[in-house]
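Structural overview for review
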Amino acid sequence: MHNYFPHTQEDIDLMLEKVGVASMDDLYADVPESIRFKGDYDLPSAQSEMELRKTFERLCEKNQLLSVFAGAGVYDHYTPSVVSNIVERSEFLTSYTPYQAEISQGTLHYIFEYQSMMSELTGMDISNASMYDGSTATAEAMLMAFASSKKAQRVLVSETIDPKVLQVVKTYARFHGVEIDMIASENGTTNKADMQRLLDQGGVAGVVVQQPNYYGIIEDFGGYAEAIHDKKALFIINSVALDLAILKTPGEWGADIAVGDAQSLGIPMSFGGPYVGYLCCTEKLMRKMPGRIVGMTTDSRGQRVFVLTLQAREQHIRRQKATSNICSNQSLMALWSTIYCSVMGKEGLKEVAQRSCDAAHYMASRLVSSGKFHMTYLGEFFNEFCVEYDGDVDQLLARLAENGILGGVKLSDHTIMIAVTEKRTKEEIDRWVELAL
């Protein structure tokens, strides 16, 4: 009945006998009748390869491809064609799990390179072997701060952090007994005086901020590290990876842990994923770091080889002994961002970041000069910014979509958050502004 299932009827009967039931229906007896599906599945008949391709082409034609001016944590950057080609090489794509180093050198090699690149990009001592996304990486950093403190139960989080990240942090905190207190914002940036007030109350294990913050503003974290470390807490900075190519790094700000999403390093938007998160820290904290760490050594013949280091296999299997229950990671996406960084190089990453920043400032200037928009916040921004619109935001975004443009992210009835990357041309920006007038 199921051509691709390997089990014969004899296999099924033997398994049912072992678990002590007479039939498959008995196996699912606990499932209420009211929620069981009793109809026929609406599945098409078998198709040839050519027919199947045409079927999917028709489905793809239903997608409306838009010029993307929306960001809020996910950005439409260009991916060189060589990246996907190299990712598919067999030594990377089919390598065995890195527990057995002798047959997984391809995986271990690129993870090592990924760690090296992320450490340099963030200005931190060490990186782990990637996380699921920026939100879970931030939550894990919060748990690292909590685990590093003997008595502190509180973690402070700036109100200017991405709301999606905050939701994940709160979920992790709830089930680990961590109290989350929010640092007030002022004019779109973290209120340093309020942070100090909360620190003075005591019991703080860590402080989480974002750079640039959710509204695209580049914040000044001068003096933060000193104030936070004075209270024996850890300083955690969340950043979009590509932005660090030209912005001051978390390491330069004095951060203990740097986290964020690396989707901006050439990973396509892909209708929401998969993406990859990074987590880097100081050498002092690397024993508290979740996930894998790969090191480089030499074998008995003096050849360069790569191995898992600092953490035993039990770290990833025995949940009660682990710093966190991370049994796998977004390794394929870590490879993707590693190849992207290798292809682009330092200067290439800087150019992409600078072009995105310049294009965003050009667009902001055009919108403000039109007289129908004004900046929501006056702080310096990178490639994302918020504007107030005199008209109806919903109608504007709908009009833009009808003309092939994903105009931005609606924050309120009159506020739009707009992101610009190196892919957006002057013509596309001018077209956006013309449609808004």
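Refer to the structure above for everything that follows.
Residues numbered from 1 in each chain as written. Predicted model: local features only at pLDDT ≥ 70, side-chain atom pairs only at ≥ 80, totals over all residues. Heavy atoms only, no water.

**Digging into helix α7 (residues 134-148)**
What counts is decided by this rule: A run of H or I in DSSP counts as a helix once it spans at least four residues, and a run of E counts as a strand once it spans at least two, with each numbered from the N terminus. Between the first and last residue of a helix there are one fewer steps than residues, each counted as 1.5 Å, and that sum is the expected span. Burial classes follow relative accessibility: with a 1.4 Å probe on protein chains only, a residue under 20% of its type's maximum area counts as buried, one over 50% as exposed, and anything between as partly exposed. Pairs of N or O atoms are called polar contacts if they sit within 3.5 Å, as long as, within protein, a hydrogen donor faces a hydrogen acceptor (for residues adjacent in sequence, only side-chain-to-side-chain pairs).
Here α7 is 15 residues long and its end C-alpha atoms lie 21 Å apart, about the 21 Å a rise of 1.5 Å per residue gives. Within α7, 12 of the 15 residues are buried, leaving the element largely enclosed by the surrounding structure. Of all the positions in α7, only Gly 134, Ser 135, Thr 136, Ala 137, Thr 138, Ala 139, Glu 140, Ala 141, Met 142, Leu 143, Met 144 and Ala 145 are classed as buried. Structurally, the start of α7 carries an N-cap: the backbone nitrogen of Ser 135 is 3.2 Å from a side-chain oxygen of Asp 133.

**As for the nonpolar core**
Quick note on the threshold: Residues belong to one nonpolar core when they are buried, are Ala, Val, Leu, Ile, Met, Phe, Trp, Tyr or Cys, and are joined through side-chain atoms within 4.5 Å.
Core analysis: the biggest nonpolar cluster contains 40 residues, and Met 118, Ala 241, Leu 265, Val 276, Tyr 278 and Leu 349 have the highest contact counts within it. Among the secondary structure elements, those contributing two or more residues to this core are α4 (81-87), α6 (105-122), β10 (277-281) and α12 (331-369). The leading source of residues in this core is α12, at 11 residues. Ranked by size, the runner-up nonpolar core spans 30 residues in total, among them Leu 166, Ile 236, Met 286 and Met 289.

**So, the pairing of strand β12 (residues 304-308)**
What counts is decided by this rule: Strands are labelled as partners when DSSP assigns at least two bridges between them.
Across 5 bridges, the pairing between strand β11 (residues 294-298) and β12 is antiparallel. Bridge pairing in β12 places Gly 295 opposite Val 307. Where β11 folds back onto β12 in an antiparallel hairpin, the turn is made up of 5 residues, including Gly 302, whose phi is positive at roughly 80°.

**Looking at empty space enclosed by the protein**
Cut-off, in case you're wondering: Cavity means a closed set of points on a 1 Å grid over the protein atoms alone, one where a 1.4 Å probe fits but cannot get out, pocket means an open set with protein on both sides within 12 Å along at least 5 of 7 lines, and lining means a residue has an atom within 4 Å of a point. Grid points are joined across faces, edges and corners, and a volume is the space filled by probe spheres set on the points. Side-chain classes follow a simple rule in which Ala, Val, Leu, Ile, Met, Phe, Trp, Tyr, Cys and Pro form the nonpolar group, Asp, Glu, Lys and Arg form the charged group, and the remainder, Gly included, forms the polar group.
Counted under the stated rule, the structure contains 3 cavities of 30 Å³ or more. Each pocket or cavity is described by its volume, and for the largest cavity that value is around 90 Å³. If you trace the largest cavity, you find 13 residues lining it, with Tyr 75, Pro 212, Asn 213, Val 240 and Glu 384 closest to the centre. Tallied by class, residues from the lining of the largest cavity come to 5 nonpolar, 5 polar and 3 charged.

**Considerations on the layout of surface pockets**
The volume enclosed by the largest pocket comes to roughly 370 Å³. As for the largest pocket, its lining consists of 14 residues, and the residues nearest its centre are Val 68, Met 269, Ser 270, Phe 271 and Leu 406. Looking at the lining of the largest pocket, its residues break down into 9 nonpolar, 5 polar and no charged.

**Points about the pattern of salt bridges**
To be explicit about the condition: Salt bridge, as applied in this entry: a Lys or Arg side-chain nitrogen positioned within 4 Å of an Asp or Glu carboxyl oxygen.
Per the counting criterion, the structure on display carries 18 salt bridges. Residue Asp 76 pairs with Arg 424 through a salt bridge whose shortest N-O separation is 2.9 Å. With a gap of 348 residues between them, Asp 76 in the loop between β1 (67-68) and α4 and Arg 424 in the loop between β17 (415-419) and α14 (426-436) connect regions that are remote in the sequence. Among the salt bridges present, the one from Lys 410 reaches Asp 394, with a minimum N-O distance of 3.0 Å. Residue Lys 410 is located in strand β16 (residues 409-412), and its partner Asp 394 is located in helix α13 (residues 393-402); the two are separated by 16 residues in the primary sequence. Each of Asp 76, Lys 423, Arg 424 and Glu 428 takes part in salt bridges that share partners, so that together they form one network.

**Focus on the environment of Leu 435**
The cut-off we apply is this: The contact criterion used throughout is that any non-hydrogen atoms of two residues lie within 4.5 Å.
Looking at the secondary structure, you find Leu 435 in helix α14. Owing to a relative accessible area of 12%, Leu 435 belongs among the buried residues under this scheme. Spatially, the C-alpha atoms of Leu 435 and Asp 200 are 51 Å apart, while their sequence positions differ by 235 residues. Sequence-distant contacts of Leu 435, defined by excluding residues within four places in its chain, comprise Leu 396, Arg 399, Leu 400, Asn 403 and Ile 405.

**Quick notes on the sheet that holds strand β3 (residues 154-158)**
The 7 strands lie next to each other as β2-β10-β9-β8-β7-β3-β4, forming an open sheet whose pairing is mixed. At either end of the open sheet lies a strand with only one pairing partner, and these are β2 (126-127) and β4 (179-183). As paired strands, strand β7 (residues 204-210) and strand β8 (residues 234-238) are joined by 5 bridges and run parallel to one another. From the neighbouring strand, Val 209 faces β8, where its bridge partner is Ile 237.

**Side note on a nonpolar patch on the surface**
Stated formally: Residues enter a patch when their relative accessible area is above 30% and they make no salt bridge; the linking distance is 9 Å between like charges and 5 Å between nonpolar side chains (Val, Leu, Ile, Met, Phe, Trp, Tyr). For the area figures, the Shrake-Rupley method with a 1.4 Å probe applies, and any residue is considered shielded solely by the protein chains shown.
A contiguous nonpolar surface patch, about 560 Å² in accessible area, is contributed by Val 19, Met 24, Leu 27, Tyr 28, Val 31 and Ile 35. Mapped onto the elements, Tyr 28 comes out in the loop between α2 (24-27) and α3 (49-60).

**Points about the packing of α6 against α12**
The relative placement of two packed helices comes down to the angle between their axes together with the axis-to-axis distance. Put simply, the rule is: Structural elements are reduced to axes, namely lines fitted to C-alpha atoms, with helices fitted over the stretch in contact, and the angle between N-to-C directions of any two is expressed from 0 to 180 degrees. Any angle between 65 and 115 degrees counts as roughly perpendicular, while under 35 counts as roughly parallel, over 145 as roughly antiparallel, and the rest as oblique. Take the far helix as your reference; a near helix turned counterclockwise from it by less than a right angle gives a left-handed crossing, and one turned clockwise gives a right-handed crossing.
Where α6 meets α12, the axes come as close as 9 Å, and the angle between the chain directions of the two elements is 60°. The orientation of α6 relative to α12 falls into the category oblique. In the crossing of α6 with α12, the sense of the turn from one axis to the other is left-handed. Residues Thr 107, Tyr 110, Ile 111, Glu 113, Tyr 114, Met 117 and Glu 120 of α6 lie in contact with α12, whose contacting residues are Ser 331, Leu 332, Ala 334, Leu 335, Ser 337, Thr 338, Cys 341, Ser 342 and Lys 346. Class assignment for the residues of the contact of α6 with α12 results in 8 nonpolar, 5 polar and 3 charged.

**Remarks on the sheet that holds strand β14 (residues 384-389)**
The 4 strands are arranged β13-β14-β17-β16 in an open sheet whose pairing can be described as antiparallel. The open sheet has two edge strands with one neighbour each: β13 (373-375) and β16. Neighbour to neighbour, the strand axes of the sheet diverge by 35° on average, direction disregarded. Relative to β17, β16 runs antiparallel, the two being bridged by 3 bridges. By the bridge assignment for β17, Val 409 is matched with Met 417. Of the strands in this sheet, β13, β14 and β17 touch α12, which is tilted by about 10° from β14.

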